[in-house]
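Survey of secondary and tertiary structure
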Amino acid sequence: MDTNEQYQAFCDACDELRDSKIILADSKVSKVLRSVVSSPSLVEIVGDALVGYNFTNELNKYTGTDLEGNQKINLPAEPYRVIAFVFSLLTEIDTRRLDLQEFVHQYFNAENLTESFARFNKELIAPFREYLCNWVGFKKNKSDNETDTENEDVCCCCDMTSEDETEDVDNLFDDLSMILNQIKETINLDSRIKKDRLDELNITIDALLAVLEMQNLKIMNALLISLNNLIGPIKSVRFYYMELQNRLAQFYENYL
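Residues numbered from 1 in each chain as written. Predicted model: local features only at pLDDT ≥ 70, side-chain atom pairs only at ≥ 80, totals over all residues. Heavy atoms only, no water.

We now examine the overall build of the protein. If you tally the helices and strands in the protein, you get 11 helices and two strands. Taking contacts inside the protein between residues at least 6 apart in sequence as the whole, the part at least 24 apart equals 65%. For the protein, the computed accessible surface area is about 14,000 Å², with 47% contributed by carbon and sulfur atoms. (Helix = DSSP H or I, 4+ residues; strand = E, 2+ residues; numbered from the N terminus. Contact = heavy atoms within 4.5 Å. Areas by Shrake-Rupley, 256 points an atom, 1.4 Å probe, with all protein chains shown as cover.)

Pasting the structure below:
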């Protein structure tokens, strides 16, 4: 697939999720995530947006109530925060840490579950799709009766190039390498991890360590998406992974 075909595949996956029945939507959620991961450009954007991201904290921050006292989601104004939130939410659903039907029922109150799901797609998936497409400059098929919005206020937060930041970047890579090596040592001693999961973890961590040597922030951010999905259920490295996330958050606070 060329780049435009990858973008179109992402848009089509979002449409399939929108048009599906909620009881059959889990596979469509997985397809949306795969379409993002299959596109290097989309992975780069999502990876940048997810640096130091804590989904639980953000969900609490965006939860509000309507005039009738029903819970709802108030999305932030910044496109990159919407991208991070929706991608993280879909990941939580795909890994079964969140139940899609329960989430839709809780935050998108309507007369029935079908209408609630329609609200979910309109209020979360549609903006997520729009912001990603606009960010990469992809114009969707003419059959989509949607207008592109300007994205002048969107900035990619991970292009650290000034000389003043060089020392901070070096320190970041050194610290992350140390933490990742601690994680690798711990998982290889954890007999509860299945072999196929352990192999995937080792491959991902080795790739991250190689990227840290290259000092490539963008590829690092993309690989961290994979690491996050793999490492979430593993209790033995929870402390180390929290330390890694906190170190990233501390670094990026100075540049966001």
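Following the structure, the description resumes.
Attention now goes to the pattern of salt bridges. The tally for this structure, following the rule as stated, stands at 12 salt bridges. In this structure, Lys184 engages Asp206 in a salt bridge whose closest nitrogen and oxygen atoms are separated by 2.5 Å. Taken together, the residues Lys184 in helix H8 (residues 166-187) and Asp206 in helix H9 (residues 195-214) connect sequence positions 22 residues apart. With its nearest N and O atoms 3.1 Å apart, the salt bridge here joins Asp190 to Arg192. Shared partners join several salt bridges into a network, and the residues in it are Asp15, Arg18, Asp19 and Arg129. (Salt bridge = Lys/Arg side-chain N within 4 Å of Asp/Glu carboxyl O.)

Remark: helix H3 (residues 40-49) packs on helix H5 (residues 79-94), axes separated minimally by 8 Å, with the N-to-C direction vectors making an angle of 95°. In terms of their interaxial angle, H3 and H5 are classed as roughly perpendicular. For the pair H3 and H5, the contacting residues are Ile45, Val46 and Ala49 in the first and Tyr80, Ile83, Ala84 and Phe87 in the second. Along the lines of polarity and charge, the residues of the contact of H3 with H5 split into seven nonpolar, no polar and no charged. (Axes fitted to C-alpha atoms, helices over the stretch in contact; angles between N-to-C directions. Parallel < 35°, antiparallel > 145°, perpendicular 65-115°, else oblique. Nonpolar A, V, L, I, M, F, W, Y, C, P; charged D, E, K, R; others polar.)

Moving on: the side chain of Asn121. Tracing the backbone shows Asn121 in helix H7 (residues 113-136). Among all residues touching Asn121, those that are not within four sequence positions of it are Leu17, Arg18 and Ala126.

Its identity is not glycine, yet Arg96 carries a phi of approximately 70°, on the positive side. Its location among the elements puts Arg96 in the loop between H5 and helix H6 (100-107). Given a relative accessible area of 59%, Arg96 falls into the exposed group. Phi is positive for Gln215, which is not a glycine, with a value near 60°. Within the secondary structure, Gln215 sits in the loop between H9 and helix H10 (217-231). Owing to a relative accessible area of 41%, Gln215 belongs among the partly exposed residues under this scheme. (Buried < 20%, exposed > 50% of the residue type's maximum accessible area, 1.4 Å probe, protein only.)

This paragraph deals with the confidence of the model for the protein. When the pLDDT values of the protein are averaged, the result is 83; 87% of them are 70 or greater. Confidence drops under a pLDDT of 50 for residues 142-164, and excluding neighbours within four residues, the segment shows 35 contacts in the predicted structure. (pLDDT = per-residue confidence, 0-100.)

Here we take up the packing of aromatic side chains. Overall, the coordinates contain nine aromatic pairs when judged by the stated rule. With a centroid separation of 6.5 Å and 80° between ring planes, the pair formed by Phe103 and Phe120 is classed as edge-to-face. With Phe103 in helix H6 and Phe120 in helix H7, the pair connects residues that are 17 residues apart, well separated along the chain. Accessibility classification places Phe103 together with Phe120 in one group, the buried group. Members of the aromatic cluster, each reached through a chain of ring pairs, are Phe103, Tyr107, Phe108, Phe117 and Phe120. (Phe/Tyr/Trp six-rings, centres within 6.5 Å; stacked < 30°, edge-to-face > 60°.)

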